[in-house]
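Architecture and fold: a report
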There are 2 protein chains.
Amino acid sequence: MDVGGTEDTIPMRRPDPEPPEGRGGARAVRSADPPLSGRTPLDRRRILGAAIEFVDRHGLAALTMRRLGSALGVEAMALYRYVPGREQLLDGVVETVIDELYGDPEVHMEAAHGWQDYLQRLAHGVRRIALAHPEVFPLVATRPPAAPWVRPPLRSLRWVESFLTVLTASGFTAESAVAAYRAYSSFLLGHLLLEVSQKGVQINAEDAPEGVSNTGTDLSQYPLVIELEELLSRDESDAEFEDALENLLGRLESVRREGRDGGRPGGFRA
Amino acid sequence: MDVGGTEDTIPMRRPDPEPPEGRGGARAVRSADPPLSGRTPLDRRRILGAAIEFVDRHGLAALTMRRLGSALGVEAMALYRYVPGREQLLDGVVETVIDELYGDPEVHMEAAHGWQDYLQRLAHGVRRIALAHPEVFPLVATRPPAAPWVRPPLRSLRWVESFLTVLTASGFTAESAVAAYRAYSSFLLGHLLLEVSQKGVQINAEDAPEGVSNTGTDLSQYPLVIELEELLSRDESDAEFEDALENLLGRLESVRREGRDGGRPGGFRA
DNA sequence: ACCTGAACACCGTTCAAGT
DNA sequence: ACCTGAACACCGTTCAAGT
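All of these numbers come straight from a predicted model, not from anything done at the bench.

1. Observations regarding the protein's contact with DNA strand C
Taken together, the neighbourhood of DNA strand C is formed by 18 residues, with Glu75, Arg81 and Tyr82 of chain A together with Arg66 and Tyr80 of chain B sitting nearest. The sugar-phosphate share of atoms of DNA strand C within 4 Å of the protein amounts to 51%. Between DNA strand C and Pro41 of chain A, the relevant distance is 2.9 Å, taken from a phosphate oxygen to a main-chain nitrogen or oxygen of the residue. Between DNA strand C and the protein, one listed contact pairs a phosphate oxygen with a backbone N or O atom of Arg86 of chain B at 2.9 Å. Listed by contribution, the elements that provide at least two residues to the surface near DNA strand C are helix H3 (76-79) of chain A together with helix H2 (65-71) of chain B. Examining the composition of the surface near DNA strand C, we find that three residues originate from one element, H2 of chain B, more than from any other.

2. Quick notes on the protein's contact with DNA strand D
Around DNA strand D lies a shell of 18 residues, among which Arg66, Arg67 and Tyr80 of chain A together with Glu75 and Arg81 of chain B are the nearest. What you see for DNA strand D is that sugar and phosphate hold 53% of its atoms within 4 Å of the protein. A distance of 3.1 Å separates a phosphate oxygen of DNA strand D from a polar backbone atom of Met65 of chain A. Residue Arg67 of chain A places a side-chain N or O atom 2.8 Å away from a phosphate oxygen belonging to DNA strand D. For the surface near DNA strand D, the element with the highest residue contribution is helix H2 (residues 65-71) of chain A, accounting for three residues.

3. As for the packing of helix H5 (residues 114-132) of chain B against helix H7 (residues 157-169) of chain B
Residues and elements named next belong to chain B. Axis separation between H5 and H7 bottoms out at 10 Å; the angle between their running directions is 160°. On the basis of their axis angle, the class for H5 and H7 is roughly antiparallel. Where H5 crosses over H7, the handedness of that crossing is left-handed. Seen from H5, the contacting residues are Trp115, Tyr118, Leu119, Leu122 and Val126; seen from H7, they are Trp159, Ser162, Phe163, Val166 and Leu167. Partitioned by chemical class, the residues of the contact of H5 with H7 number nine nonpolar, one polar and no charged.

4. Some points on the confidence of the model for chain A
Residues and elements named next belong to chain A. Mean pLDDT over chain A works out to 77, with 70% of the residues at or above the 70 mark. Confidence drops under a pLDDT of 50 for residues 1-37, and excluding neighbours within four residues, the segment shows 23 contacts in the predicted structure. In the predicted structure, residues 205-214 sits below a pLDDT of 50 and forms seven contacts with residues beyond four places in sequence or in another chain.

5. Brief notes about the side chain of Glu161 of chain B
Within the secondary structure, Glu161 of chain B sits in helix H7. Here the side chain of Glu161 of chain B touches Leu224 of chain A through a polar contact of 2.9 Å, landing on its backbone nitrogen. At 2.9 Å, the side chain of Glu161 of chain B forms a polar contact with the backbone nitrogen of Val225 of chain A. Apart from the residues within four sequence positions on either side, Glu161 of chain B is in contact with Tyr222, Pro223, Leu224 and Val225 of chain A.

6. Topic: the domain arrangement of chain A
All names here are of chain A. Per the domain assignment, the segments making up chain A are domain 1 (20-96) and domain 2 (112-250). With 11 residues of domain 1 in contact, the opposing surface of domain 2 contributes eight residues. Regarding the contact of domain 1 and domain 2, the summed buried area is about 950 Å², with carbon and sulfur atoms giving 64% of it. When the buried area of domain 1 at its contact with domain 2 is split by residue, Asp56, Leu60 and Val94 rank highest and sum to 48% of it. Inspection of the domain 1/domain 2 interface yields two salt bridges. Close ionic contact of Asp91 with Arg143 constitutes a salt bridge, the shortest N to O distance being 2.9 Å. Joining domain 1 to domain 2, the criterion identifies three residue pairs in polar contact (both at pLDDT 80 or more).

7. Concerning the side chain of Arg251 of chain A
With respect to the element layout, Arg251 of chain A can be found in helix H12 (residues 237-260). It turns out Arg251 of chain A is buried and unbridged, and the closest side chain with the opposite charge, Asp243 of chain B, is 6.6 Å from it.

8. A look at the nonpolar core
The biggest cluster of nonpolar side chains holds 146 residues, and the ones touching the most others in it are Leu89, Leu164 and Tyr184 of chain A together with Leu89, Leu164 and Tyr184 of chain B. Once residues lying within four places of it in the same chain are set aside, the contact partners of Leu164 of chain B are Leu224, Leu228 and Leu232 of chain A together with Ala177, Val178 and Tyr181 of chain B.

Calculation notes
Residues numbered from 1 in each chain as written. Chains lettered and ligands numbered in written order. Predicted model: local features only at pLDDT ≥ 70, side-chain atom pairs only at ≥ 80, totals over all residues. Heavy atoms only, no water. Near = heavy atom within 4 Å. Polar contact = N/O pair within 3.5 Å; in protein donor to acceptor, adjacent residues only side chain to side chain. Helix = DSSP H or I, 4+ residues; strand = E, 2+ residues; numbered from the N terminus. Axes fitted to C-alpha atoms, helices over the stretch in contact; angles between N-to-C directions. Parallel < 35°, antiparallel > 145°, perpendicular 65-115°, else oblique. Left-handed = near helix turned anticlockwise from the far one by under 90°. Contact = heavy atoms within 4.5 Å. Nonpolar A, V, L, I, M, F, W, Y, C, P; charged D, E, K, R; others polar. pLDDT = per-residue confidence, 0-100. Domains from an automatic or database assignment. Buried area = accessible area lost by both parts, 1.4 Å probe. Salt bridge = Lys/Arg side-chain N within 4 Å of Asp/Glu carboxyl O. Buried < 20%, exposed > 50% of the residue type's maximum accessible area, 1.4 Å probe, protein only. Lys, Arg positive; Asp, Glu negative; His and termini not counted. Core = buried A, V, L, I, M, F, W, Y, C linked by side-chain atoms within 4.5 Å.

Here it is in structure tokens:
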């Protein structure tokens, strides 16, 4: 039903995303553009960058080989010279976004001040990325990992390698470093996924102009939800993140100590 | 590159999923099937059930209105009488899967043995569902919630209501019940998403028949990853889940106590 | 060397028409 | 009342052809 729906459907959030570089307006059709060809010849990096920007702007569902092509001023088929297909495009997007971490000066100086400091900065770095690309992050969380046998899919073996290096150098046994890796990534994944999807919803709730923000469900069945509405919708994500991260690091520290002493009486296992 | 690839692409994992009810072989074309019409007239529940089964079998990417239709012995267009569109179909799938919880006797007797017992059973119930429908679970974790202002998207207001009811009846303040709800769902989300995507990868790793399960990346750059391969690929998910859940519940108990006493010196905030 | 046109098989969705 | 055929606009992807 849903009569007179706004532009709420998924396939296309905006009709025409307008080619990103204005560079001379229409410049209609098929004539010259002399032998010095038409702009720089395209490459994988530029494609991935454009894809990320496109997803940030229009959402994942709107990303299409054809639309991405035209955002780059090119026909879709041209992309296939640089990217094997749509799925691999998405893999590349995930990898590129994760690799932003290594350009982040807050994160890059690995273990200068101990492993807890490193994990703190890493977590905040990942969080910054998640908040910067909320439409991309679910993809990061959801795609299968590069190496099938590395369990947690926060992808990018560089990341795993660096994590394990720092922890084993800080007194973690191999077992507890791996356990820590798992606990840490599942924490980040869960927390940030929640946070990002919250933000997404707040933003996408731009339709219902005022009053009953009710999405059609009958709320009267859920009195406590109504009563606690104010608390439930409050956004304390910064503080929540800080608290939960600190708690996790505390847990890891005790695992580390147990590992060092040889016994493993509680906490984690690998 | 990837020469001679097996049937590894996403769009169609199997060429023809064969109509699920054999019911009389070919029975070629357009003749009779007298006025007593062709089988039961389709309905929303049957459609959602078929969609879940289809996704479990063939993966999310393979679910298509047309293919789902033909799995039900019907043209795609017939589905639109019962479901407004593909997106809403997916919403329905998520809701149906989550609602399995309420048919689960392990979970349903709400707070018979205290809130910790309740949260234990609930977590295990959700985990059972995640493991039973690994292809559906990412959808559960990823779709926006029914009520925009309920932050964590483990959807289904019934679930939220029941959670809050039990906790506030067990001595949690409103604030700490909400904080507990958030911590609990982000834990479940992160942990199960990781676990499920691990399983999915293990299964989909059926292609590389033996030896180098390498996906093309150059592993030699990541010596520690190689060295710890055995540990990293080990599956202790049952024990890990148990440990992490127990730890979380311990944390919640201390929050509960603090809330009762009026002070809130550590742990969570709402 | 790099891009495009045309084509193919497949999508979601609408609507008038069949039974 | 319930389903289908035909149609529309849009996909991903291939490949021979253009420059």
